[in-house]
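Listed below, chain by chain, are the residues.
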Amino acid sequence: MRTQRRLELNPPTSQHLEALSPAEFRARKRWRSAMTSTQAPMKPSVCSKKRDRGDDEDTPEDKAMKSQKSNAKPPPTLPVTPSRYDAPFPFYRRPAEVGRFSLDSQRCYHGDARQLRYYAPPPTEGPSPGFDLRDGYRDRYVQRDENVHEGLEHLLQWVSQNRKQLQGAEEKGQLLNTDFVTWRGHLTKVLTTPYEKQDGWLLAVSLFHGTLYVSEVETESARRQREQRSEMLKELTYMGYKFEHYMCADTPDGTPDPTGVVNTNEGFCTVIRTRLGTHSLLFSGEVDCTDPRSPWPDPPSCYVELKTSKVMHSPAQRKSFYRHKMIKWWAQSFLPGVSRIVAGYRGPDGSVVGLETFETMKIFQLIREDQGCWKPAVCMNFCAAFLSFVKKVVTEDNPKLVHLFAWEPGHPVSFTVHRDSEYTFLPDWYVEALSMEKPPTPQIPD
């Protein structure tokens, strides 16, 4: 082995110091201080804002390699325990609809509202509706191909066609003026995570031109459940779609026609902009119908969400309904600002025996006396924490780089890093279309 020679620093004598000019003396003093002081290694600061492209920083893979070589701590995770997020309700800006689009019977995209339907409920007085939710299941049912994973495709089509409307903020130098682009359903899963006991999730995230795109990846467990779905569950899924046909008309003054074909390729989607804490969001979600006689005539408040559930016969059943099903109904409608949820309660024979309307903003009143129930503030605070976590982790602007965030019940949120892999989800046509645009040049304010 070689013996390393240490550099000995011989301090100058008083004669040397007397011979130095004042400027030379100060320079010599600074040199000695720099050579003899013990400095801590520099660490990149973690900021909730995205870093500019071109920052000279390690990639996530470099950091992971250094971590392994130095036996440092494992990659960070995000705790999910509800008590950690039991704090006042965070700021959530009133959702605003900035666009809409439709999907036709062949699942083709149209940048208009041709698939929007109108709420037309039966008379409130009189016998139960008696809707037969099984009608047409065998002979008038066209199902969307669930083996086709669309990702963000249709939402990105809308963004591409309307990117002038979404021009980035000058102070950020972003191409789109939003921190996140995703589906409403993905955010719903994040919101309900602190109270979820069964189903985990995988969310792929890429940073492109200053905006974080979030797309779901089907878990192995979800794939097995989908492929092994029982006939009863398939029929229950159909019943939900059939209920919409009994409750919706094609025109504002029309009446429902439940004799037609139920085609799950069709859909009408709203595009929403809002802000949760410091995070600006652009997301889209499917809407069942709009109420032409709503006391809140403007979208998204005029939209109505339609649901079905098994009829309840006891307080215990209703308590369980509020604890386990209502959380998802609330999250799905609260995020886009849908004001009402109308539930159809089905009997054992598949007929609707009653209807109940829930105002989204008043759902918390139904659960606040139940000490073991979910809390809306916990859901929203966790979602804000997750978005902050994503911003801290995903800092390299690269559409081919994917951070895969994973969560399973009983565990914290973790992530893995994948470059040019099967998880890449931003389509080439979209990357090319937006790459032709130049981000606005930041300007120094007067």
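It should be emphasised that the depicted structure is a prediction, and the values quoted were computed from it without experimental measurement.

Engineer: Before we move on, can you summarise the overall build of the chain with the specific residues and values?
Structural biologist: Counting its regular elements, the chain contains 12 helices and 17 strands. Per-residue burial for the chain yields a buried fraction of 45% across its 446 residues. Across the chain, contacts joining residues at least 24 apart in sequence account for 73% of those joining residues at least 6 apart. Of the accessible surface of the chain, which amounts to about 25400 Å², a share of 50% is contributed by carbon and sulfur atoms.

Engineer: Describe helix 11 (residues 376-393), listing the residues and the values that go with them.
Structural biologist: Because each turn of an α-helix spans 3.6 residues, side chains separated by three or four positions in sequence point in the same direction. A rise of 1.5 Å per residue sets the reference length of helix 11, with its 18 residues, at 26 Å; its end C-alpha atoms lie 26 Å apart and thus fit the reference within 8%. Most of helix 11 sits out of view: 16 of its 18 residues are buried.

Engineer: Break down the confidence of the model for the chain for me, citing the residues and quoting the values.
Structural biologist: Looking at the chain, the pLDDT average stands at 85 and 80% of residues meet or exceed 70. Taken as a whole, residues 1-74 scores under 50 in pLDDT and shows 40 contacts with residues more than four places along the chain or in a different chain. Ignoring residues within four places in sequence, the model shows residues 441-446, a span with pLDDT below 50, making 4 contacts including any to other chains.

Engineer: Residues and numbers for the sheet that holds strand 11 (residues 279-286), please.
Structural biologist: Sheet architecture is open: 9 strands sit in the order 2-1-10-11-5-7-6-16-17, paired in mixed fashion. Edge positions in the sheet fall to strand 2 (109-110) and strand 17 (414-419), since each of these pairs with one other strand and no more. Across 8 bridges, the pairing between strand 10 (residues 267-276) and strand 11 is antiparallel. Residue pairing across strands places Thr270 opposite Gly285, the latter belonging to strand 11. The strands touched by helix 4 (residues 153-161) within the sheet are strand 1 (96-103), strand 2, strand 5 (180-183), strand 7 (211-217), strand 10 and strand 11, with strand 1 carrying the most contacts at an inclination of about 120°.

Engineer: Describe the pattern of salt bridges, and please don't skip the residues or the numbers.
Structural biologist: Across all of its chains, the model carries 24 salt bridges by this definition. The salt bridge partner of Glu146 is Arg229, with a shortest N-O separation of 3.4 Å. Residue Glu146 is found in the loop between strand 4 (141-142) and helix 4, and its partner Arg229 is found in the loop between helix 6 (220-227) and helix 7 (231-247); the two are separated by 83 residues along the sequence. On the basis of relative accessibility, which here comes to 34%, the residue Glu146 falls in the partly exposed class. A residue is classified by how much of its surface remains accessible, and Arg229, at 27% relative accessible area, is partly exposed. For Glu396, the salt bridge is made with Arg419, and the minimal N-O distance between the two is 3.2 Å. With Glu396 in the loop between helix 11 and strand 16 (401-407) and Arg419 in strand 17, this residue pair connects regions lying 23 residues apart in the sequence. Classification of Arg419 by relative accessible area gives partly exposed; the value is 33%.

Engineer: Lay out helix 5 (residues 184-192) with the relevant residues and their values.
Structural biologist: Where burial is concerned, most of helix 5 is hidden: 7 out of the 9 residues are buried. Those residues of helix 5 that fall on the buried side of the exposure criterion are Arg184, His186, Leu187, Thr188, Val190, Leu191 and Thr192. In this structure, the buried side of helix 5 is in contact with strand 5, strand 6 (201-208), strand 7, strand 11, helix 9 (326-334) and helix 11.

Engineer: Give a detailed account of the nonpolar core, specifying residues and quantitative values.
Structural biologist: In globular proteins that are soluble, nonpolar side chains generally tend to be buried together. One finds Trp330, Phe358, Trp374, Phe386, Phe405 and Val413 to be the most contacted residues of the largest nonpolar core, which totals 53 residues. For this core, the element with the highest residue contribution is helix 11, accounting for 11 residues. The contacts of Phe405, once residues within four sequence positions are left out, are Trp201, Leu202, Leu203, Val205, Phe386, Phe389, Val390, Val393, Val394, Val413, Ser414 and Phe415.

Engineer: Lay out the packing of aromatic side chains in plain terms, naming residues and giving numbers.
Structural biologist: Any pair of aromatic rings gets described here by the distance separating the centres and the angle formed by the planes. Tallying each qualifying case throughout the model produces 27 aromatic pairs. Consider the rings of Phe268 and Tyr303, whose centres lie 6.1 Å apart with planes at 70°: the pair is edge-to-face. Here the residue Phe268 occupies a position in strand 10, and Tyr303 occupies one in strand 13 (residues 303-310), the gap between them amounting to 35 residues. The exposure class of Phe268 is buried, given its relative accessible area of 2%. With centroids separated by 6.3 Å and ring planes inclined at 40°, the aromatic side chains of Phe321 and Phe358 adopt a geometry described as tilted.

Engineer: Please give an account of the packing of helix 9 against helix 11 that cites residues and values.
Structural biologist: One way to put it is that helix 9 packs onto helix 11 with a least axis distance of 11 Å and a crossing angle of 55°. Looking at the two axes, helix 9 sits oblique to helix 11. Where helix 9 crosses over helix 11, the handedness of that crossing is right-handed. When helix 9 is examined against helix 11, the residues Ile327, Trp330 and Phe334 are found in contact with a partner set consisting of Pro376, Cys379 and Met380. Here the residues of the contact of helix 9 with helix 11 are counted per class, giving 6 nonpolar, no polar and no charged.

Reading the values: the criteria
Residues numbered from 1 in each chain as written. Predicted model: local features only at pLDDT ≥ 70, side-chain atom pairs only at ≥ 80, totals over all residues. Heavy atoms only, no water. Helix = DSSP H or I, 4+ residues; strand = E, 2+ residues; numbered from the N terminus. Buried < 20%, exposed > 50% of the residue type's maximum accessible area, 1.4 Å probe, protein only. Contact = heavy atoms within 4.5 Å. Areas by Shrake-Rupley, 256 points an atom, 1.4 Å probe, with all protein chains shown as cover. Expected span 1.5 Å × (residues − 1). pLDDT = per-residue confidence, 0-100. Pairing = 2+ DSSP bridges. Axes fitted to C-alpha atoms, helices over the stretch in contact; angles between N-to-C directions. Salt bridge = Lys/Arg side-chain N within 4 Å of Asp/Glu carboxyl O. Core = buried A, V, L, I, M, F, W, Y, C linked by side-chain atoms within 4.5 Å. Phe/Tyr/Trp six-rings, centres within 6.5 Å; stacked < 30°, edge-to-face > 60°. Parallel < 35°, antiparallel > 145°, perpendicular 65-115°, else oblique. Left-handed = near helix turned anticlockwise from the far one by under 90°. Nonpolar A, V, L, I, M, F, W, Y, C, P; charged D, E, K, R; others polar.

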